[in-house]
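What the coordinates show
Here is what each chain is made of, one letter per residue.
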Amino acid sequence: TEGALLTLSEKGGVVAEADRLAEISFTSERRWMATLDRLPDGRTVAYAKGALERILPMAHGWLDPEGRLRPLEQTEREAIMRTADAMASQALRILAFAYVPEPDMARGFESFELDGRLIFLGITGMIDPPRPEAIAAIRTCHEAGIQVAMITGDHRETAMAIAREMNLWAPGQEALTGAELLTLSEAQLRARTARIAVYARVEPEHKLRIVRSLQERGNIVAMTGDGVNDAPALARADVGISMGLGGTEVAKEASDMVLADDNFATIVAAVAEGRRIGENLRKVLRYLFATSTGEAMTFTTALMLGTPLPLLPIQIIWLNVITDGSFDKSLAMEPAESDLMLRPPRPAKAPLLGWDVLAPVLMVAPVMTLGTFLVFLHALASGLPLEKAQTMAFSTLALFQWFSAFSLRS
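Further remarks concern the packing of helix H5 (residues 132-143) against helix H12 (residues 264-305). Running from N to C, H5 and H12 cross one another at 35°; their axes reach a closest spacing of 8 Å. The hand of the H5/H12 crossing is left-handed. Counting all contacts with H5, which are made through Glu133, Ala134, Ala137, Ile138, Thr140 and Cys141, the residues of H12 involved are Phe264, Ala265 and Val268. Looking at the contact of H5 with H12, its residues break down into seven nonpolar, one polar and one charged.

Written out as structure tokens, the structure reads:
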């Protein structure tokens with residue numbers, strides 16, 4: 001932002017050297033900053049810039065195009081706000097500028113010394129275009145059943161314009177400002193959070209309330225932030241995500257994940273990788289439960305029918321070491337399936353060993369048992385030695401496990 005303003009000043013030919021005497025730093029609560037400077041001609045001037053909603057109420061006058069000081073009446077204030085709204089609707093971020101010539105700072109350079117004494121100079125608009133990969137990432141989130149909300153300190157119209165550009169805004173969704181948020185009860189906010197896509201002019205402390213409201217609705221919440229004041233919301237979220245490049249150390253300590261590139265698309269890539277790992281883990285569990293149950297049922301059937309054992313213990317150990325020991329690792333390293341990010345999220349309390357894991361066991365294990373046992377009995381009925389019949393049962397069971405592994409890949 002500062003670099004863009006310096007470039008704009010150079011183009012306009014209004015850059016002048018000055019000595020910095022004091023400064024009121026920008027904070028997310030104040031949303032403006034000011035400096036006290038001594039110009040080369042010896043004059044002292046206080047300059048202020050920040051959110052229009054904060055700068056304009058502190059101003060008592062404005063400079064017309066001829067440089068004459070005029071009182072800032074209500075009509076001028078309304079005209080300035082209309083101009084700002086028109087610029088914000090084009091996704092421009094608005095900054096307002098004002099100054100105090102020859103300020104009397106006998107009591108120190110504090111914010112209350114400027115209130116009501118500023119002379120309004122004007123506004124500027126800056127475009128901060130979203131990254132193309134962020135637009136694609138938001139589309140992927142929607143396809144995956146993930147709700148995305150923008151929380152920003154920008155003007156409401158600016159935030160809504162950016163949301164539309166990023167396809168974050170859909171019919172029926174709402175935008176809420178920090179001031180409106182304060183008027184809502186917890187129940188009212190909880191009822192509306194599912195429809196809110198944009199939170200504008202939000203203070204850091206509001207983020208904690210937004211996170212809490214979403215969690216009370218049963219959502220798993222991932223919150224991003226970079227400032228010291230974001231730490232409570234990052235810590236409260238199910239997954240706190242801080243910025244690795246522009247984030248403060250406090251935000252990083254409070255978060256669960258740090259983005260090394262400060263890119264929203266990286267979060268979506270992490271979700272996709274997490275889904276791949278979770279799905280592969282369920283594939284491994286399906287395979288191990290199905291094959292182990294098949295082996296156990298084969299032994300149990302032989303004991304119940306009083307026949308010789310179809311497998312020797314050493315053969316079972318060999319199957320577990322060679323077959324299970326290789327196929328389960330292969331399933332764990334499977335690439336993501338093409339529709340993985342088109343599926344809805346799993347419920348937060350869904351068990352890892354759910355019906356989707358146990359159902360294949362009920363289908364595969366009896367088939368493995370029946371096939372292996374029939375081959376074993378047929379070999380014995382044909383007059384083959386027990387050792388050869390056990391070898392045939394061992395080979396049949398191994399083939400069943402191979403086919404089971406391949407069938408569980410997708």
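Our focus in this paragraph is unusual backbone geometry. One non-glycine residue, Glu102, lies in the positive phi region at around 50°. Inspection of the secondary structure puts Glu102 in the loop between strand E6 (92-101) and helix H4 (111-114). In this structure, Arg201 takes a positive phi of about 50° despite not being glycine. Position of Arg201 relative to the elements: it lies in the loop between strand E10 (196-200) and helix H9 (204-216).

Another aspect to go through is the layout of surface pockets. Space inside the second largest pocket adds up to approximately 1100 Å³. Along the walls of the second largest pocket sit 28 residues, with Leu6, Ser9, Val14, Tyr47 and Phe97 positioned nearest its centre. For the lining of the second largest pocket, the element with the highest residue contribution is helix H1 (residues 2-12), accounting for six residues. Here the residues of the lining of the second largest pocket sort into 18 nonpolar, five polar and five charged.

The grouping of Leu281, Phe289, Leu352, Leu353, Trp355, Leu358 and Leu362 at the surface amounts to a nonpolar patch, some 670 Å² of accessible area in total. Mapped by element, the contributors of at least two residues to the nonpolar patch are H12 and helix H14 (355-381). Tracing the chain through its elements places Leu352 in the loop between helix H13 (313-332) and H14.

Once that is clear, we can look at the environment of His60. Positionally, His60 belongs in strand E4 (residues 59-63). Counting along the chain gives 142 residues from His60 to Val202, while the straight-line C-alpha distance between them is 26 Å. If sequence neighbours within four positions are ignored, His60 has contacts with Pro71, Leu72, Arg77, Gly116, Arg117, Leu118 and Ile119.

Let us look at the pairing of strand E7 (residues 118-127). Summarising the sheet, E4 and E7 pair through three bridges and their orientation is parallel. Its bridge partner being in E7, Trp62 is matched across the sheet by Phe120. Note: E6 against E7, eight bridges, orientation antiparallel. Across the sheet, residue Ala98 finds its bridge partner in E7, namely Phe120.

Further remarks concern the sheet that holds strand E12 (residues 239-243). Read across the open sheet, the three strands follow the order E11-E12-E13; overall the sheet is parallel. Both outer strands of the open sheet, strand E11 (222-225) and strand E13 (257-259), are each paired with one neighbouring strand and no more. If you compare each strand with its neighbour and ignore which way they point, the axes differ by 25° on average. Relative to E12, E11 runs parallel, the two being bridged by four bridges. Across the sheet, residue Ala222 finds its bridge partner in E12, namely Val239. Its contacts with the sheet place H12 against E11, E12 and E13, and it is angled at close to 135° to E13.

Tallied over the entire structure, the rule returns 27 salt bridges. The partner of Asp41 in a salt bridge is Arg43, with the nearest N and O atoms 2.8 Å apart. Residue Asp41 is classed as exposed on the basis of its relative accessible area of 52%. With a shortest N-O distance of 3.0 Å, Arg343 and Glu337 are connected by a salt bridge. On the basis of relative accessibility, which here comes to 24%, the residue Arg343 falls in the partly exposed class. For Glu337, a relative accessible area of 18% puts it in the buried group. Linked by salt bridges that have partners in common, Glu279, Arg282, Lys283, Arg286, Glu337, Asp339 and Arg343 make up one network.

A separate point is the packing of H12 against H13. Their axes nearest at 9 Å, the elements H12 and H13 cross at an angle of 160°. As summarised for this structure, H12 and H13 are arranged roughly antiparallel, according to the angle between their axes. The two elements H12 and H13 meet at a crossing, and its hand is right-handed. Only Ile316, Leu319, Asn320, Thr323, Asp324, Phe327, Asp328, Leu331 and Ala332 of H13 make contact with H12, whose side of the interface consists of Arg276, Asn280, Lys283, Val284, Tyr287, Leu288, Thr291, Glu295 and Phe299. Across the contact of H12 with H13, the residue classes tally to nine nonpolar, four polar and five charged.

Another point: the sheet that holds E7. Across a sheet, paired strands are connected by hydrogen bonds in the backbone, their directions being either parallel or antiparallel. A sheet is described by the order of its strands in space; here seven strands give the open sequence E1-E2-E3-E6-E7-E4-E5, paired in mixed fashion. Edge positions in the sheet fall to strand E1 (19-24) and strand E5 (69-71), since each has one partner strand and no second. Taken over all neighbouring pairs, the strand axes of this sheet differ in orientation by 35° on average, direction set aside. Against the sheet, helix H3 (residues 74-88) touches E4, E5, E6 and E7, its axis set at about 10° to E7.

Across the protein chain, the average pLDDT comes to 88, with 99% of residues at or above 70. When mean pLDDT is taken per element in the protein chain, E12 scores highest with 93 and H4 scores lowest with 71.

To continue, consider the nonpolar core. One finds Ile55, Leu114, Leu118 and Phe120 to be the most contacted residues of the largest nonpolar core, which totals 25 residues. Of all the secondary-structure elements, those providing two or more residues to this core are strand E2 (32-38), strand E3 (44-50), helix H2 (52-55), H3, E6 and E7. With five residues, E6 is the largest single contributor of residues to this core. Counting 22 residues, the second-largest nonpolar core is a separate cluster that includes Ala134, Met150, Ala159 and Val198.

Each value, and the rule that gives it
Residues numbered from 1 in each chain as written. Predicted model: local features only at pLDDT ≥ 70, side-chain atom pairs only at ≥ 80, totals over all residues. Heavy atoms only, no water. Axes fitted to C-alpha atoms, helices over the stretch in contact; angles between N-to-C directions. Helix = DSSP H or I, 4+ residues; strand = E, 2+ residues; numbered from the N terminus. Left-handed = near helix turned anticlockwise from the far one by under 90°. Contact = heavy atoms within 4.5 Å. Nonpolar A, V, L, I, M, F, W, Y, C, P; charged D, E, K, R; others polar. 1 Å grid on protein atoms, 1.4 Å probe; cavity = no way out; pocket = protein on both sides within 12 Å on 5 of 7 lines; lining within 4 Å. Points joined across faces, edges and corners; volume = space filled by probe spheres on them. Patch = residues over 30% accessible without salt bridge, like charges linked within 9 Å, V, L, I, M, F, W, Y side chains within 5 Å. Areas by Shrake-Rupley, 256 points an atom, 1.4 Å probe, with all protein chains shown as cover. Salt bridge = Lys/Arg side-chain N within 4 Å of Asp/Glu carboxyl O. Pairing = 2+ DSSP bridges. Buried < 20%, exposed > 50% of the residue type's maximum accessible area, 1.4 Å probe, protein only. Parallel < 35°, antiparallel > 145°, perpendicular 65-115°, else oblique. pLDDT = per-residue confidence, 0-100. Core = buried A, V, L, I, M, F, W, Y, C linked by side-chain atoms within 4.5 Å.

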